[in-house]
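Examining the three-dimensional arrangement
Spelled out, the chains give:
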Amino acid sequence: MIKVSRFDRIDEFLIHIADIALSNPNLDITSNFIYSNLICFGIESESIDNNFKYWIDAFKFKNNINVIRPDNWNYFCQFTNNIENINKQKNIKIFIPQDKKHILKSANLIFEFLADNNITHASLISSVTRVDDIVIKLTNFVDANKIANFVNSNKYVKEGLLEPSPFSMTDGNISYAIDNKVSYNYELSYYISEYVNKLKTQCRLHNISCDDLKDFINVKYQNTFINGKNIKKFLNDRNITTSIVKNVINHMEVTELIITSLDREKNLSHFVSHFDKINNPEYIKKIYDYMYNLINNEIYEELEKPIITNRDKEILLQDAIINTANKYTIDFAKKGLKNYITSNKVSGFTRNNGTRQKIIDNLTNVEALEIVKRYNDGEFNVSKYVDKVVSIDVDELKQDILNEASLRTYEVYGRKQLEFAINNLINNKKFNGFVNDDNVRLHLINKVSPDEVKNIIKNDLLSNNYPGSIIQEKYITLYINKIEKEAKG
């Protein structure tokens, strides 16, 4: 049997969409319509969500893996290991499509392999069979190659493989994308929708093809990300209103990968080169400055660069004061802060732990002044502020940080996820169950040891007048009840 090439399958999909558009002239060919067809292209979509409970139970006591289904997740089951390391860079996604007959055992084999090799990942399994029903997010190609070799050498897993999406770079039936906080398939669907609707308007649907689509997207890429002519429309169409520069760069890099994947002369080695490029620190700085200037020139008179949160800045300044006072004296720290606020001189902060550089990169002297005044009820009194900082009850600070992380996790994912997060932290010394909105998990990692959590919770309950005898037996349940009560006001 002659295997159909990936590019022939792309043409087959596009012709299928064109036929639908021609047969239904009043049908809106939206990006959602394209996406729903794309993820099931060439396969039968069947329900597999009854497997979720089995996987959760099967891996409950397995090291190097956590399996959960958060309360508000209707369509996916999550598998993770060392998830706190996933968001430190742009990641690789590999898609391993499995049919209904094999996916239960295949998933077991695949994730046992990941756990046995202690591979860092954040993964999902869909509730239905589709071209991306098993998605594994990874930090490097060494691990990606290990998994690909395992899949391609395991007879059972290989037997259950479905056809992958033809629009991605592939290795056998495994396909690859970049996880850039922008979905590859959603971005692709948006471009295909625009392309089909343009051909439809021009009565040219009979000319639809992979090569023509690549040319269409390439023009979009040039006019949006290179010369900036369409950047304002792009921001509006994609509803990008926050972290504008970073979000545009994410879309640009996914678009580059789509164009590469549609190029008949490119292969998986070009995907690897693209991944290496977008994680190169020199490139990251250069592309940020370039995109900042492009957007600034095309849209705004002045566009603020993304900044860390006010809470981050308060903690940063507190750490700088404490680190400086510990190395020298409290008086030295007072003098250093006063010189920074009044003369913009950073030499009064210690260099230990990168303290001085963090101040340079993230906190202006005006912002430092605002923090000092905020802590002193509007009064500019450096001495009073420093005395407050160095006398902060460390246990109280840790309690506040744990409470904040717990509350945010409950608000985003619900009670079961918070219960998992706390037990996982106490029993497995892992922070990955907590949400990281506004860096709350990062604050937890930096300030709280897993060995302290049990006592922090008990002390928090005692300070809120819970009976000591009950606390010893049910401290986690009582703590979650308290957080739930706070969340519900």
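Residues numbered from 1 in each chain as written. Predicted model: local features only at pLDDT ≥ 70, side-chain atom pairs only at ≥ 80, totals over all residues. Heavy atoms only, no water.

A closer look at the overall build of the chain
What the chain contains, in helices and strands, is 22 helices and seven strands. Each of the three principal axes of the chain carries a C-alpha extent, and together these read 80 × 60 × 40 Å. Burial statistics for the chain: of 489 residues in total, 49% are counted as buried. Residue pairs at least 24 apart in sequence account for 69% of intrachain contacts in the chain once pairs closer than 6 positions are excluded. On the chain, roughly 24100 Å² of surface is accessible, and the fraction owed to carbon and sulfur atoms is 47%. (Helix = DSSP H or I, 4+ residues; strand = E, 2+ residues; numbered from the N terminus. Buried < 20%, exposed > 50% of the residue type's maximum accessible area, 1.4 Å probe, protein only. Contact = heavy atoms within 4.5 Å. Areas by Shrake-Rupley, 256 points an atom, 1.4 Å probe, with all protein chains shown as cover.)

Brief notes about the sheet that holds strand β7 (residues 174-179)
Pairing is antiparallel in the open sheet, where seven strands are placed in the order β1-β2-β4-β5-β3-β7-β6. Edge strands, defined here as strands with exactly one partner in the open sheet, are β1 (66-68) and β6 (169-171). Taken pair by pair, the neighbouring strands of this sheet meet at an average axis angle of 25°, ignoring direction. Sheet topology places strand β4 (residues 121-126) next to strand β5 (residues 134-138); five bridges connect them, and they run antiparallel. Within the sheet, the bridge partner assigned to Ile 125 lies in β5 and is Ile 134. Against the sheet, helix α11 (residues 268-278) contacts β3 (91-95), β6 and β7, and its axis sits at roughly 20° relative to β7. (Pairing = 2+ DSSP bridges. Axes fitted to C-alpha atoms, helices over the stretch in contact; angles between N-to-C directions.)

Quick look at the pattern of salt bridges
The tally for this structure, following the rule as stated, stands at 30 salt bridges. A salt bridge links Lys 90 to Glu 253; the nearest nitrogen and oxygen atoms lie 2.9 Å apart. In this pair, Lys 90 is assigned in the loop between β2 (76-81) and β3 and Glu 253 in helix α10 (residues 244-261), connecting sequence segments 163 residues apart. Exposure remark for Lys 90: the relative accessible area of 17% places this residue in the buried category. Note on Glu 253: relative accessible area 0%, which makes it buried. Salt bridges here are not isolated pairs; linked through shared partners, they connect Arg 311, Glu 314, Arg 374 and Glu 404. (Salt bridge = Lys/Arg side-chain N within 4 Å of Asp/Glu carboxyl O.)

Description of α10
For α10, spanning 18 residues, the distance from its first C-alpha to its last is 26 Å, which sits close to the expected 26 Å at 1.5 Å a residue. Most of α10 sits inside the fold, with 16 of its 18 residues counted as buried. (Expected span 1.5 Å × (residues − 1).)

Digging into the packing of aromatic side chains
The relation between two aromatic rings is expressed through the spacing of the ring centres and the mutual angle of the planes. Evaluated as defined, the whole model comprises 18 aromatic pairs. A ring pair is formed by Phe 141 and Phe 271, whose centres lie 5.6 Å apart and whose planes are at 75°; its orientation type is edge-to-face. Taken together, the positions of Phe 141 in helix α5 (residues 141-153) and Phe 271 in helix α11 put the pair 130 residues apart, joining distant regions of the chain. For Phe 141, a relative accessible area of 12% puts it in the buried group. Between the aromatic rings of Tyr 340 and Phe 349, the centroid separation amounts to 5.7 Å while the plane-to-plane angle is 75°, which identifies the pairing as edge-to-face. In terms of burial, Tyr 340 and Phe 349 fall into one category: buried. Connected via pairs of aromatic rings, a cluster forms that spans Phe 52, Trp 55, Phe 59, Phe 79 and Phe 111. Here the basic side chain of Arg 238 rests over the ring of Tyr 190, its NZ or CZ set 3.7 Å away from the ring centre. (Phe/Tyr/Trp six-rings, centres within 6.5 Å; stacked < 30°, edge-to-face > 60°. Lys NZ or Arg CZ within 6 Å of the ring centre and 35° of its normal.)

Some words on helix α14 (residues 330-343)
Between its first and last C-alpha, α14 extends 20 Å over 14 residues, near the 20 Å set by a 1.5 Å rise per residue. Taken residue by residue, α14 has Ala 333, Lys 334, Gly 336, Leu 337, Tyr 340 and Ile 341 as its buried positions. Mapping the buried residues of α14 onto a view down its axis gives an arc of 165°, with all of them on the same face. Along α14, exposed side chains directed more than 90 degrees from the buried face belong to Asp 331 and Lys 335. Where α14 is buried, its residues contact α13 (310-327), α15 (355-362), α16 (365-375) and α17 (382-390). (Arc of directions from axis to C-beta.)

A look at the nonpolar core
Residues Ile 94, Phe 111, Ile 136, Ile 147 and Phe 167 are the most contacted members of the largest nonpolar core, which totals 92 residues. Residue contributions to this core peak at nine residues, all from α10. With 25 residues, the next largest nonpolar core counts Ile 401, Ala 405, Phe 431 and Val 435 among its residues. (Core = buried A, V, L, I, M, F, W, Y, C linked by side-chain atoms within 4.5 Å.)

Quick look at the confidence of the model for the chain
Residues at a pLDDT of 70 or more form 96% of the chain, whose mean pLDDT is 89. Ignoring residues within four places in sequence, the model shows residues 301-306, a span with pLDDT below 50, making 12 contacts including any to other chains. (pLDDT = per-residue confidence, 0-100.)

Points about the side chain of Glu 187
Relative to the helices and strands, Glu 187 resides in helix α7 (residues 184-201). Polar contacts involving the side chain of Glu 187 include one to the side chain of His 251, which spans 3.0 Å. (Polar contact = N/O pair within 3.5 Å; in protein donor to acceptor, adjacent residues only side chain to side chain.)

Some remarks on the packing of α14 against α16
Packing of α14 against α16 leaves a shortest axis separation of 8 Å and a crossing angle of 120°. Compared by their axis directions, α14 and α16 come out oblique. Where α14 crosses over α16, the handedness of that crossing is left-handed. Taking contact as the criterion, the partners of Leu 337, Tyr 340 and Ile 341 in α14 are, on α16, Asn 365, Ala 368, Leu 369 and Val 372. The class makeup of the residues in the contact of α14 with α16 is six nonpolar, one polar and no charged. (Parallel < 35°, antiparallel > 145°, perpendicular 65-115°, else oblique. Left-handed = near helix turned anticlockwise from the far one by under 90°. Nonpolar A, V, L, I, M, F, W, Y, C, P; charged D, E, K, R; others polar.)

Some thoughts on the environment of Ile 249
Mapped onto the secondary structure, Ile 249 falls in helix α10. Using a relative accessible area of 5% as the deciding quantity, one classes Ile 249 as buried. When the C-alpha atoms of Ile 249 and Tyr 292 are compared, they prove to be 9.6 Å apart, with 43 residues separating the residues in sequence. Beyond its immediate chain neighbours, meaning those up to four positions away, Ile 249 contacts Lys 90, Ile 287, Tyr 288 and Met 291.

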